[in-house]
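Report on the structure
Each chain, written out:
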Amino acid sequence: MGTDDDYRETDAGKTDGVGFSGPLGKRGGIGSSNSSSRKSARFSLSSSAAGVDEGDYVEITLDVRDDAVAVHSVKPAGGAEEDSEMSLLARTLERRSASFSASSRFRQVSQKLLRLASLTKRPAAAPIDRSKSAAAHALKRLKFITKATGAAGWPAVEKRFEELALDGRLHRSLFGQCIGMKESNEFAGELFDALARRRRIAGNEITKDELREFWDQIADQSFDSRLQTFFDMLDKDLDGRITEEEVKELISLSASANKLSTIQEQAAEYAALIMEELDPDNLGYIEIYNLEMLLLQMPSQSMQIGTTNSRNLSQLLSQKLRPAKEESLLRRWYQRFRYFMEDNWQRVWVMALWLCICAGLFAWKYVQYRRRAVYDIMGACVCVAKGGAETLKFNMALILLPVCRNTITWLRTRTRLGRVLPFDDNLNFHKVIAVGITVGVGLHVISHLTCDFPRLLHASDEQYYSSMTDFFGDQRPDNYWWFVKGTEGWTGIVMVVLMAVAFTLATPYFRRGRVRLPKPFHRLTGYNAFWYSHHLFVVVYVLLIVHGYFLYLTKKWYKRTTWMYLAVPLILYASERLIRAFRSSIRAVKILKVAVYPGNVLTLQVSKPQGFKYRSGQYIFVNCAAVSPFQWHPFSITSAPQDDYISVHIRTLGDWTRQLKAVFSQVCQPPMGGKSGLLRADFDDNSSNGLAPSFPRVLIDGPYGAPAQDYKKYEVVLLVGLGIGATPFISIVKDIVNNMKELDSLMLGQEGGGSGGDAERDISRASTSMSTSSSSFKTRRAYFYWVTREQGSFEWFRGVMNDVAETDKKGVIELHNYCTSVYEEGDARSALITMLQSLHHAKSGVDVVSGTRVKSHFARPNWRSVYKRIALNHRDKRIGVFYCGAPTLTKELQHLAQDFSHKTTTKFEFHKENF
């Protein structure tokens, strides 16, 4: 191939290993004409040029045009049977484009043939599955443009070019923004360089025509084209080989684009792993067919999470998830109403009862004052004012009950009221009652100030002295100041102002710090402002009792009913606060471990007080006097009930949590070898000096009930945690594993009983214990989906994940970790990370993203597919869906739960954590 001089100059040291025959020209390669021609040549694959037979030759047909050459076909000479290695060589060579010079092509062909000769000395490798399905899966893992492809996306790219180009040329730094990769400018820059190298474009600017060529290539749907583009990104010198250093550079670049700092730091180690896998002969480089083998043989992540077969899919379609729309408007309304009542009947009857009570109290008071003499002067205004006041008194008493946490926890744990009362919505009901209070205050205040008081001031002397002196005195009020300066007036105004402040700072905009106020008003936002302002209601309740005693139109004590409404709720709430203070002060806790993890998460592990019992999914309140002696904050318990300690994971988002982290950071030290955590402080009574670090004093109060604690009522549960919202489910996952171990041990005890009466007694006892345990613990399968944005978040629960992966031999718990900072499967920006993940997990069993034995998924889950798979696997079952996290995902998960419950035989019951 080529002239003798060309061949010897290319690889003179290897000419003894390859024999060749066929017509060779003197100019430009094969043949002397400049026009396109097709020629053949034979190469021997034997160790020496002599003593070979016809079967040792291959026939290669080349297409030659000017100084470029391309391989047309490769086949055995003399009709020999083609083997898998020959097929692999043929496909690899035939795909090579005609972009290299003839001498460069000849050099590469000779190297391919020599490699094939070395391969024939080893056992034949398994043939690459080049089937349509394999290529399709590989194609899904290698896309540069995932939203707009081909000509459909070019108009948008062209429009951005016109906006970004200067003098008709687009700079390299704007290439990513132009093609839709503005969040990955560095990766887009490398893609720009690869495309420019292939076309021998010098400089950092391109024209619109060149951009169109670039776009056509990166939007090409063919696998071979995408593979070549990806290979060119690694092959910086266009020699057809990728060195370890080039692999390292692209790993670092991909890790940076996906915000994977740990992988970026270990890029050299992972590059060596890829070279070890793809370069078994230690040649020091890999070629394009190595990447092809990896992509075609690497399993898709979507296939690993249990996709259903065609039979299940057909069964799903038969269940009519999307039935035809009902033509009758009345039937559609009826169906919607029926579905709504099925999902919300507990809330509906509670809300209906509350509204009926409020309406009844308003009507009762309205009719009562309608029959009194004051109606003749003040009119219906006084009836509205007194009706609003009656609902206000009732709601001010009722609003305390949903926040009596000890009482609610006892009712939901020890009674069956949870079947008819929506205890999960206690805080939502608390907010609804607050709206009722606002309406009552509005009716009462507005009616007094704008209607009945003006009517009284404008009444004639005859009207006033005939019926109003018993209520307002012999001296007639002459202006508004008379009403304001009285006890009834100033107490009412102060209450309205304090309520307005507390309600405003309790709104999500202020409580979550979404409103940015200038200094010094910035302290009016955040949880601290909400917490302190809510304690203004202590003053409000005192003033309300005083206001209810000094009334203008009611003089008999037994008709002043404000204290009657408030007595029981206030005593109950005050008792709860006293119990909390007393219980937390006598339950001394000792801090066992403190760790600060990536993502600003502080972990506290404290000793379990004597008699402290809790259920997985519940939460406790934490107080640290070094930060604030008065503030108590709720956090989910992440330890299991069987553990001899209590642990919480605290995300530093607000003022209190940031100060808490700062206080503990002062006593923490860098972690010892083999331990995770940015800072750690471990204490053990058996330590060398027996002295604990000087930790700040921490008090705990609880436990308190939460929706997640009811997971044991379901045989199958779907647990969804968003970021730090995974905390209640970590305890549940550990509890499920512990309970399954307990049941297994009881069953083993039955099978391995002793002899005689003792054995029978042991078996009977084990059966009784197991039946009792099974009655309270029904869960037999759990699906846990943890979605987090940062790679460092997986450090929080690495130990739990590894324990579950190692001990859950029966597959009771299915763990799915999703890292949303990584681009979705199929995006070229995450293609190398996906390859590395598969190689590393196959070799060591550890995921490169999470650092656990649980393999991570990329981007966000397809929640409809998640529900679909669970509905297929568990027909005719009740599935408990528990979600904890930001409210952004609540609506979607709840809607899907209702949708699948209505249209399949699987019933999903949605529960959301509220704090």
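Notes on the structure follow. None of the values given here were measured: they were computed from a predicted structure.

Analysis parameters
- Residues numbered from 1 in each chain as written.
- Predicted model: local features only at pLDDT ≥ 70, side-chain atom pairs only at ≥ 80, totals over all residues.
- Heavy atoms only, no water.
- Salt bridge = Lys/Arg side-chain N within 4 Å of Asp/Glu carboxyl O.
- Helix = DSSP H or I, 4+ residues; strand = E, 2+ residues; numbered from the N terminus.
- Buried < 20%, exposed > 50% of the residue type's maximum accessible area, 1.4 Å probe, protein only.
- Pairing = 2+ DSSP bridges.
- Right-handed = clockwise from strand over helix to strand, strands pointing away.
- Axes fitted to C-alpha atoms, helices over the stretch in contact; angles between N-to-C directions.
- Parallel < 35°, antiparallel > 145°, perpendicular 65-115°, else oblique.
- Left-handed = near helix turned anticlockwise from the far one by under 90°.
- Contact = heavy atoms within 4.5 Å.
- Nonpolar A, V, L, I, M, F, W, Y, C, P; charged D, E, K, R; others polar.
- Disulfide = S-S within 2.5 Å.
- Arc of directions from axis to C-beta.
- Phe/Tyr/Trp six-rings, centres within 6.5 Å; stacked < 30°, edge-to-face > 60°.
- Lys NZ or Arg CZ within 6 Å of the ring centre and 35° of its normal.

Applying the stated criterion to the full structure yields 25 salt bridges. For the salt bridge of glutamate 814 with arginine 869, the shortest nitrogen-to-oxygen distance reads 2.6 Å. Of this pair, glutamate 814 sits in strand S16 (residues 813-819) while arginine 869 sits in helix H34 (residues 863-873), and the two are 55 residues apart along the sequence. Judged by its relative accessible area of 17%, glutamate 814 is buried. Residue classification places arginine 869 among the buried residues on the basis of a relative accessible area of 8%. Of the charged contacts, one joins aspartate 899 and lysine 903 as a salt bridge, the two residues approaching to 2.9 Å between their closest N and O atoms.

Here the focus is the pairing of S16. Burial runs high along S16: seven of the seven residues are buried. When strand S15 (residues 781-788) meets S16, the two strands line up parallel, connected through seven bridges. Paired with tryptophan 786 across the strands is asparagine 817, a residue of S16. This β-α-β element, S15 to helix H32 (residues 798-807) to S16, shows right-handed connectivity.

Across the interface, helix H10 (residues 244-257) lies against helix H12 (residues 267-278) with an axial gap of 8 Å and an inter-helix angle of 125°. In terms of axis orientation, H10 runs oblique to H12. When you trace H10 past H12, the crossing you get is right-handed. Contacts between H10 and H12 pair Glu244, Val247, Lys248, Ile251 and Ser252 from the former with Ala267, Ala268, Tyr270, Ala271, Ala272, Ile274 and Met275 from the latter. Within the contact of H10 with H12, the residues separate by chemical class into nine nonpolar, one polar and two charged.

Once that is clear, we can look at the state of the cysteines. When the sulfur atoms of two cysteines share a covalent bond, that bond is a disulfide. According to the stated counting rule, one finds one disulfide in the structure shown. Paired by a disulfide, cysteine 381 and cysteine 451 hold their sulfur atoms 1.4 Å apart. With cysteine 381 in helix H18 (residues 380-398) and cysteine 451 in helix H20 (residues 426-457), this residue pair connects regions lying 70 residues apart in the sequence. Judged by relative accessible area, cysteine 381 falls into the buried class, the value being 15%. A residue is classified by how much of its surface remains accessible, and cysteine 451, at 19% relative accessible area, is buried.

Attention shifts here to the sheet that holds strand S17 (residues 856-858). Read across the open sheet, the six strands follow the order S17-S16-S15-S14-S18-S19; overall the sheet is parallel. Only two strands of the sheet have a single partner each, and these edge strands are S17 and strand S19 (907-912). Neighbour-to-neighbour, the strand axes of this sheet turn through a mean angle of 20°, independent of strand direction. In the sheet, S16 pairs with S17 via three bridges, with the strands oriented parallel. Bridging across to S17, cysteine 819 finds its partner in phenylalanine 858. Strands S15 and S16 of the sheet are contacted by H32, whose axis makes an angle of about 140° with S16.

Let's shift gears to the sheet that holds strand S9 (residues 619-624). What the three strands build is an open sheet, ordered S10-S9-S13; its pairing is antiparallel. Single-partner strands in this sheet number two, and they are strand S10 (633-636) and strand S13 (698-704). If you compare each strand with its neighbour and ignore which way they point, the axes differ by 30° on average. Here S9 pairs with S13 via five bridges, running antiparallel. Directly across from valine 622, in S13, lies its bridge partner isoleucine 700.

Buried within helix H8 (residues 208-218) we find Leu211, Phe214, Trp215, Gln217 and Ile218. Buried residues along H8 cover an arc of 165° about the axis, so they all sit on one side.

Turning our eyes to something else, we now look at the packing of aromatic side chains. Counted under the stated rule, the structure contains 25 aromatic pairs. A network of ring pairs unites the aromatic residues Trp786, Phe794, Trp796 and Phe797 as a single cluster. The positively charged end of arginine 560 is found above the aromatic ring belonging to tyrosine 549, 4.7 Å away from the centroid. Taking the ring centre of phenylalanine 621 as reference, the NZ or CZ of arginine 580 above it sits at 4.7 Å.

The next thing to look at is the environment of glycine 440. Among the secondary structure elements, glycine 440 is positioned in helix H20. Judged by relative accessible area, glycine 440 falls into the buried class, the value being 1%. Taking the C-alpha atoms as reference points, glycine 440 and asparagine 395, 45 residues apart in sequence, are found 8.7 Å from one another. Discounting residues that sit within four places of it in the chain, glycine 440 has contacts with Gly388 and Thr391.

Attention shifts here to unusual backbone geometry. Each neighbour pair has its own omega, and for glycine 702 with proline 703 the value is 5°, a cis peptide bond. Positioned with a positive phi, arginine 200 is a non-glycine residue whose angle comes to about 55°. As for its position among the elements, arginine 200 is in the loop between helix H7 (185-198) and strand S6 (205-206). For alanine 859, which is not glycine, the phi dihedral falls at a positive 65°. Here alanine 859 is to be found in the loop between S17 and H34.

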